[in-house]
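Analysis of the macromolecular model
Here are the chains, one letter per residue:
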Amino acid sequence: MDSFKNIQDYFSKLDFELNISKESNPDATFDFLISINAEPLHVTIKKEVRPGSLHVLNETFEQKKNMLLVADYITPLAKEKLKHRHINYIDSFGNAYLNLEKVKLYIEKSNAKPIVNESSEIFSPSGAKLLFELLQHPEHINTTYRDLAEACAISLGSVSKIMKALLRDGYAVRVNKKQLQLVKRKELLERWIPLINEKVLPTYKVGNFTFSKNNNWKNIDLEVQWGGEPGAALLNQYLNPEKYSLFTNHYKNDIIKNGMLLPNPNGELAIYKPFWKNLENKTVAPLLIYAQLMYSGNDRNIETAKLIYDEYIKPNL
């Protein structure tokens, strides 16, 4: 969705007569400058908006007062957060919030469902693993396919297909005959967050557990890596964990015994097998911690994720 006509089509679903026109847009930060009943609005277009992706948009939101977020799909919680911040939005289903001087409306049809991502090798479980490597080390896009396959634990054929898709879909460009450059990294990051949480982590999950009485996460002394909230606590000491995410190759029974854990499908500790090879650090990669915190939709976690983003992730985008 990238044309002014799409925006007009979305507004036509409101059953509410508005005068919408396209204006000359001098600010390349935004996709369009439009006016609604003669009131200017700077438009940012996204395919899908979740609570976790709002932080990535914060820099854009803060630049202008009159903003309009246009998306194919906006999750219910994201819409609530946008409305709370008085940020105008409209989606492809005709759900909208406008808080303008001349127009004030709020429409919630409750019929919106997530947009299924276009079929692409990039946004697959194997693609998510490769992006995990490239978003941390964009320069690795020029390493051999064999090295990438080994580092990401995916097949050589998958690497070839994903790299071709990155070029085809405009996420990579040729610098010269031998060199590629990863581009649109912020967009890739936004799309990678739900992808890694929904398509990869569940397949590596061992189960949920709860700590037995008088025990806590710091008492686990096996070789493990912490993600999510405890990972963030170890990175910057800013967050007191309430939910725990642990990655390890140890057998489940060894972890249960060592950590004095009790199996509990609703437990506060989620244990996963790692999908990467480097297990040297006490925490998983900051990129994964960030993705878990942002996906949680928890304001406390998102505030912590912003600190991690600024220090560890933004320099690579």
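Just so it is clear, the model here is predicted, and its values are computed rather than measured.

**Some thoughts on the sheet that holds strand E5 (residues 88–91)**
- With mixed pairing, the seven strands of this open sheet are ordered in space as E1-E2-E3-E4-E5-E6-E7. A single partner strand is all that each edge strand has here, and the edge strands are strand E1 (20–23) and strand E7 (104–107). The mean angle between the axes of side-by-side strands here comes to 30 degrees, regardless of whether they run parallel or antiparallel.
- Across two bridges, the pairing between E5 and strand E6 (residues 96–99) is antiparallel. Paired with Ile90 across the bridge in E6 is Ala96.

**Digging into empty space enclosed by the protein**
- Considering all chains together, one arrives at one cavity of 30 Å³ or more under this definition.
- Counted as a void, the largest cavity has a volume near 30 Å³.
- Val206, Thr248, His250, Lys252, Ile255 and Ile271 together form the lining of the largest cavity.
- Its residues placed into classes, the lining of the largest cavity shows three nonpolar, two polar and one charged.

**Regarding the packing of aromatic side chains**
- Taken as a whole, this structure holds 15 aromatic pairs when the rule is applied.
- Plain terms: the ring middles of Tyr204 and Phe275 are 5.9 Å apart, the flat faces sit at 55 degrees to each other, and that makes the pair tilted. On the criterion of sequence distance, the pair formed by Tyr204 in the loop between helix H7 (185–200) and strand E10 (205–211) and Phe275 in the loop between strand E14 (269–272) and helix H10 (286–296) is long-range, its members being 71 residues apart.
- Owing to a relative accessible area of 22%, Tyr204 belongs among the partly exposed residues under this scheme.
- For Phe275, a relative accessible area of 4% corresponds to the buried category.

**Comments concerning the side chain of Thr248**
- Checked against the element boundaries, Thr248 lands in the loop between strand E12 (244–247) and helix H9 (252–259).
- Polar side-chain contacts of Thr248 include one of 3.3 Å to the backbone oxygen of Glu223.
- The residues touching Thr248, leaving out its near neighbours within four places in the chain, are Glu223, Val224, Ile255, Ile271, Tyr272, Lys273 and Pro274.

**Some remarks on the nonpolar core**
- Ranked by size, the top nonpolar core spans 52 residues in total, and within it Leu166, Leu189, Trp192, Leu288 and Tyr290 carry the most contacts.
- Formed by 22 residues, the second largest nonpolar core is a distinct cluster that contains Phe11, Ile45, Leu68 and Leu98.

**Structural notes on helix H4 (residues 125–136)**
- Taking 1.5 Å per residue, 12 residues should reach 16 Å; H4 reaches 17 Å between its end C-alpha atoms and fits that length.
- In terms of burial, H4 is largely enclosed, as nine of its 12 residues are buried.
- Among all positions of H4, only Gly127, Ala128, Lys129, Leu130, Leu131, Phe132, Glu133, Leu134 and Leu135 are buried.
- Elements that come into contact with the buried residues of H4 comprise helix H5 (145–152), helix H6 (156–168), strand E9 (180–182), H7 and H10.

**What about the layout of surface pockets?**
- The space that makes up the second largest pocket amounts to roughly 530 Å³.
- Forming the walls of the second largest pocket are 22 residues, and the residues nearest its centre are Lys243, Ser245, Tyr272, Gln292 and Ser296.
- In terms of residue count, H10 provides more of the lining of the second largest pocket than any other element does, four residues in total.

The rules behind these values
Residues numbered from 1 in each chain as written. Predicted model: local features only at pLDDT ≥ 70, side-chain atom pairs only at ≥ 80, totals over all residues. Heavy atoms only, no water. Pairing = 2+ DSSP bridges. Helix = DSSP H or I, 4+ residues; strand = E, 2+ residues; numbered from the N terminus. Axes fitted to C-alpha atoms, helices over the stretch in contact; angles between N-to-C directions. 1 Å grid on protein atoms, 1.4 Å probe; cavity = no way out; pocket = protein on both sides within 12 Å on 5 of 7 lines; lining within 4 Å. Points joined across faces, edges and corners; volume = space filled by probe spheres on them. Nonpolar A, V, L, I, M, F, W, Y, C, P; charged D, E, K, R; others polar. Phe/Tyr/Trp six-rings, centres within 6.5 Å; stacked < 30°, edge-to-face > 60°. Buried < 20%, exposed > 50% of the residue type's maximum accessible area, 1.4 Å probe, protein only. Polar contact = N/O pair within 3.5 Å; in protein donor to acceptor, adjacent residues only side chain to side chain. Contact = heavy atoms within 4.5 Å. Core = buried A, V, L, I, M, F, W, Y, C linked by side-chain atoms within 4.5 Å. Expected span 1.5 Å × (residues − 1).

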